[in-house]
Amino acid sequence: MEFHGRKRPVVKFCEILSLFFCFLGDNNSFVISKETEDFEVHSSNGNTEGNGVSLNVSRSNYVDYGGIHGRKIDGDKVMLNQSRLLENERWDDTKAARQCNIFKGSWVHDTSYPLYSALKCPYIGGQANCRLNGRPDSDYEKWRWKPHSCTISRFNAFHLLERLRGKRLMFVGDSTSRNQWESMVCLLNAVIPNKKKYMAYGSPLTTFKALDYKASIEFFWAPFLVDLQINHQGKGILNLDAIVNKGVYWRGVDILIFESAHWWTHTGSEKSWDIIMEGRRMYRDMDPMLAYRKGMTTWANWISTNIDSRRSRVFFRGMSPKHYSPNDWNEANGHKCYNEREPVKIRGYRPPLPSQVSIIKQVLKRTRFPVAYLDITRLSQFRKDGHSSVYTGNLNGEQRKDPDRFADCSHWCLPGVPDTWNELLYAHLL
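Please read these numbers as outputs of a predicted model, since none were measured by experiment.

## With respect to the overall build of the chain
Across its full length, the chain holds 11 helices and 22 strands. The burial tally for the chain puts 53% of its 430 residues in the buried class. Taking the intrachain contacts of the chain between residues at least 6 apart in sequence as the baseline, contacts between residues at least 24 apart amount to 77%. Within the structure as shown, the chain displays about 20200 Å² of accessible surface, and the carbon and sulfur contribution to it stands at 49%.

Now the structure itself:
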């Protein structure tokens, strides 16, 4: 995890050595491996002289509960063992994750995935429920991100709910943030009894509550983060200097995950603003990356002024990539992301990063508040297979036959890639 701002974690000499070895494995890669039905987990807990822990797990000892394996205790309760690790092992994994860049690694085929069933999560929107919308394949659900130089724990819903007891976790951004929020809700929903959860849909705020834990997982719609207002003439005014109406929702939230990128480059009928306002000056047009930098600087200054770092943790999630150009992965006759069944497996595959990525990193380095950057863009660039494509709820049968016009290669199927984003977030919340 990258920390930005003046407050930074203390790095000890031994951690510097670990970071050195971590950075030796700098390139992402594509790996296919097979997972066995019975397997062992070994942990020496830093001691190689016989004090390690060995755990044999047989799937026959587990029952399926919402797509996640758990050991049955009685007729009403299920104890999930999603990580398949003991508590002391999980601690070692988390420590390792903090000593290396967990965003550099490879995609590994894992038949124990997905972590939940789309059919058992009623909170997946039509845009992301690819199975319900007729997608015939399912391998896109079975890829696990594996960092090169450390191990991260498998997502454990019970453990995260305990961490969130009495707290609020909020995703703030555009529809890709909603994609990630739906993923998190489904990951947690699988272990919560029906009468112990509550969903309140609204605009701009939607809230899922785990009642026994007094925890809420929320989504706030704010694709620009700064204010977008409609004037008396019906014109959209994007105010690069202001966060007024939104901020009241964000203050006091325990964990905030922000994101903003795609909407700044919309054009034509997709563009949501008519005028850009900076100070007292109005602009009919502005370079979108200049506007983005100004808007993100306003957001960063707002965070530094209004959020208490002693109470709240703030993350910024990197830009979610699109896959509309098959030439990027050497498929000249492809139809955008349609019918893609596996990640990109070109050795040395490193497409250009969107300009928003470098801009937000520069902004975060200058902010006073310690914002952690979730660097998911590069690892997600491999996943051309994970998008909704024509299996989205807003297309009819005829439109689905024309992927060159209608394939959605921006949003993601669930279960799928956003689950990985949440696994990486989970690693930093431990």
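## A short note on the state of the cysteines
In total, this model carries 4 disulfides according to the counting rule given. Across the disulfide, Cys 100 is cross-linked to Cys 150 (sulfur-sulfur distance 2.2 Å). Of this pair, Cys 100 sits in the loop between helix H2 (87-99) and strand S8 (105-109) while Cys 150 sits in the loop between strand S9 (143-147) and helix H3 (157-163); the two residues are 50 residues apart in sequence, bridging distant segments of the chain. In terms of burial, Cys 100 and Cys 150 fall into one category: buried. Shown here is the disulfide that connects Cys 337 with Cys 409, its sulfur atoms set 2.1 Å apart. Negative torsions about the S-S bond denote left-handed disulfides, and the value of about -90° found for Cys 337 with Cys 409 makes this one left-handed. Within this pair, whereas Cys 337 is found in the loop between strand S19 (313-317) and helix H7 (355-366), its partner Cys 409 is found in strand S22 (residues 408-412), the two being separated by 72 residues in sequence.

## A few points about H7
Compared with an ideal rise of 1.5 Å per residue, which puts 12 residues at 16 Å, H7 spans 18 Å between its outermost C-alpha atoms and is within 8% of the ideal. When H7 is considered as a whole, its buried residues turn out to be Gln 356, Val 357, Ile 359, Ile 360, Val 363 and Leu 364. For H7, the angular spread of the buried residues around the axis is 170°, confining them to a single face. With respect to the buried face of H7, the exposed residues turned more than 90 degrees away are Lys 365 and Arg 366.

## Regarding the nonpolar core
Core analysis: the largest hydrophobic core is formed by 59 residues, its most contacted members being Phe 155, Phe 171, Leu 188 and Ile 217. If you tally residues by element for this core, the top one is helix H11 (residues 417-429), at 7 residues. Residue contacts for Leu 188: discarding those within four places in its chain leaves Phe 155, Ala 157, Leu 160, Leu 161, Leu 164 and Ile 217. Of all hydrophobic cores here, the second largest spans 39 residues; its members include Leu 238, Trp 273, Met 319 and Val 357.

## Some thoughts on the pattern of salt bridges
A complete count under the given rule lists 18 salt bridges for this structure. Here Lys 384 ties to Glu 340 by a salt bridge, and the two come within 2.6 Å at their closest N and O atoms. With a gap of 44 residues between them, Lys 384 in the loop between helix H8 (377-381) and strand S21 (387-389) and Glu 340 in the loop between S19 and H7 connect regions that are remote in the sequence. In this structure Lys 384 comes out as buried when scored by relative accessible area, which is 5%. Between Glu 398 and Lys 401 there is a salt bridge, and its shortest N-O distance comes to 3.4 Å. One network of salt bridges, with partners in common, ties together Arg 135, Asp 137 and Arg 341.

## Section: the packing of aromatic side chains
Two aromatic rings, taken as a pair, are described by how far apart their centres are and by the angle between their planes. This model, assessed by the stated rule, comprises 17 aromatic pairs. When the ring of Trp 250 is compared with that of Phe 258, the centres are 5.1 Å apart and the planes differ by 75°; the resulting orientation is edge-to-face. What makes Phe 258 buried here is its relative accessible area of 0%. Ring geometry for Trp 299 against Phe 316: centres 5.2 Å apart, planes inclined by 65°, an arrangement best described as edge-to-face. Of the two residues, Trp 299 sits in helix H6 (residues 288-306) while Phe 316 sits in strand S19, which places them 17 residues apart along the sequence. Taking relative accessible area as the criterion, Trp 299 reaches 0% and is therefore assigned buried. Here the aromatic residues Trp 181, Phe 219, Trp 221, Phe 224, Trp 263, Trp 264 and Tyr 292 are joined through ring pairs into a cluster of three or more.

## With respect to the environment of Ile 346
Turning to its location among the elements, Ile 346 is positioned in the loop between S19 and H7. Accessibility expressed as a relative area gives 28% for Ile 346, which makes it partly exposed. Sequence separation of Ile 346 and Asn 330 is 16 residues, and the distance between their C-alpha atoms is 8.7 Å.

## Some words on the confidence of the model for the chain
Residue-level pLDDT values for the chain average 82, and 77% of them are 70 or greater. Every residue in residues 6-94 is under pLDDT 50, and counting partners more than four places away or in other chains gives 172 contacts.

Rules and cut-offs
- For every chain, the first residue of the written sequence is number 1, and numbering continues from 1 onward in sequence order.
- Totals for whole chains, interfaces and linings use all residues, but because this is a predicted model, local features are given only for residues with pLDDT of at least 70 and pairs of side-chain atoms are given and counted only at 80 or more.
- Just so you know, side-chain values use all the structure's heavy atoms and leave hydrogens and water out.
- Labels follow the DSSP assignment, with helices taken as runs of H or I lasting at least four residues and strands as runs of E lasting at least two, numbered in each case from the N terminus.
- For every residue, the accessible area obtained with a 1.4 Å probe (protein chains only) is divided by the maximum for its type, and the residue is called buried under 20%, exposed over 50%, and partly exposed between those limits.
- Any pair of residues with heavy atoms lying within 4.5 Å of one another is described as a contacting pair.
- To measure how exposed things are, a 1.4 Å probe is used in the Shrake-Rupley method; for residues, cover is taken only from the protein chains shown.
- We call a pair of cysteine sulfur atoms a disulfide when they lie within 2.5 Å.
- Working rule for helices: expected span equals 1.5 Å times residues minus one.
- Within this analysis, the arc is defined by the directions that extend from the helix axis to the C-beta atoms.
- The term nonpolar core refers to a set of buried residues drawn from Ala, Val, Leu, Ile, Met, Phe, Trp, Tyr and Cys, joined through side-chain atoms within 4.5 Å.
- Within this document, salt bridges are pairs made up of a side-chain nitrogen of Lys or Arg and a carboxyl oxygen of Asp or Glu, the two lying within 4 Å of each other.
- A pair of aromatic rings is counted whenever rings of Phe, Tyr or Trp (Trp by its six-membered ring) have centres within 6.5 Å, and the orientation is called stacked for planes under 30 degrees apart, edge-to-face for over 60 and tilted otherwise.
- A score from 0 to 100, pLDDT tells how confident the predictor is in each residue.

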